Amino acid sequence: YLFFFLMIRRPPRSTLFPYTTLFRSGEYMGKKILFADDDVNLMEILQLKFKSEGYDVVSAFDGEEALIKMRAEKPDLVVLDITMPKMNGYTLVREMKSDETLKGIPIIVLSGKDTMQDIFKIEGVGTYLVKPFEFDDLLLKVKEQLGES
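Residues numbered from 1 in each chain as written. Predicted model: local features only at pLDDT ≥ 70, side-chain atom pairs only at ≥ 80, totals over all residues. Heavy atoms only, no water.

J.: In this structure, what is going on with the packing of aromatic side chains? I would like to understand it.
T.: For any pair of aromatic rings, the description rests on two quantities: the centre-to-centre distance and the angle between the ring planes. All chains considered together, the criterion is met by three aromatic pairs. On the numbers, 5.2 Å between centres and 50° between planes, the contact of Phe35 with Phe50 is tilted. Remark: Phe50 occurs in helix α3 (residues 40–52) and Phe35 occurs in strand β3 (residues 32–36); sequence separation between them is 15 residues. Of the two residues, Phe35 and Phe50, neither departs from the other in class, the shared state being buried. Taken together, Phe35, Phe50, Tyr55 and Phe135 form an aromatic cluster joined through their ring pairs. Here Lys49 stacks its cationic end above the ring of Phe135, 5.0 Å away from the centre of that ring. (Phe/Tyr/Trp six-rings, centres within 6.5 Å; stacked < 30°, edge-to-face > 60°. Helix = DSSP H or I, 4+ residues; strand = E, 2+ residues; numbered from the N terminus. Buried < 20%, exposed > 50% of the residue type's maximum accessible area, 1.4 Å probe, protein only. Lys NZ or Arg CZ within 6 Å of the ring centre and 35° of its normal.)

J.: Before we go on, may I ask you to explain the pattern of salt bridges in this structure?
T.: Considering all chains together, one arrives at eight salt bridges under this definition. Across the pair Lys131 and Asp81 runs a salt bridge, and its minimum N-O distance is 3.5 Å. Taken together, the positions of Lys131 in the loop between β7 (127–130) and α7 (135–145) and Asp81 in strand β5 (residues 77–81) put the pair 50 residues apart, joining distant regions of the chain. When its relative accessible area of 24% is taken as the criterion, Lys131 is described as partly exposed. Here Asp81 falls in the buried class, since its relative accessible area comes to 6%. Several salt bridges share partner residues, and in doing so they unite Asp37, Asp81 and Lys131 into one network. (Salt bridge = Lys/Arg side-chain N within 4 Å of Asp/Glu carboxyl O.)

So this is what it looks like as structure tokens:
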């Protein structure tokens, strides 16, 4: 009975997913964000929160996996950590900037290292957030990078 009640009282899809822009496979999907970080707990939280905001989320747990998924998934934005196995965030950014199909994708760097900010700005990274961060701050930066604010 509770399920039936919830289905009747569910708000329209447009209010559940206010940022939908693409239509794929019969489902409305928001802009696609690729998150690359080796912190499994952080990745799960970000995936849940951004999906609830209407974004299509792709996850990668190391730099090499992120590069492969970028080429396959063509995300609208990449959010990455600096310290990852197989390929660190700095190398990943350099690989992206040297690839014609990836160099236009905006990047947000999340890191526990405050000292790397200037180096990433030289590489053309739009936003650098230091961990720990507030979700609302990241969401605001994501919207800015995607031109939604």
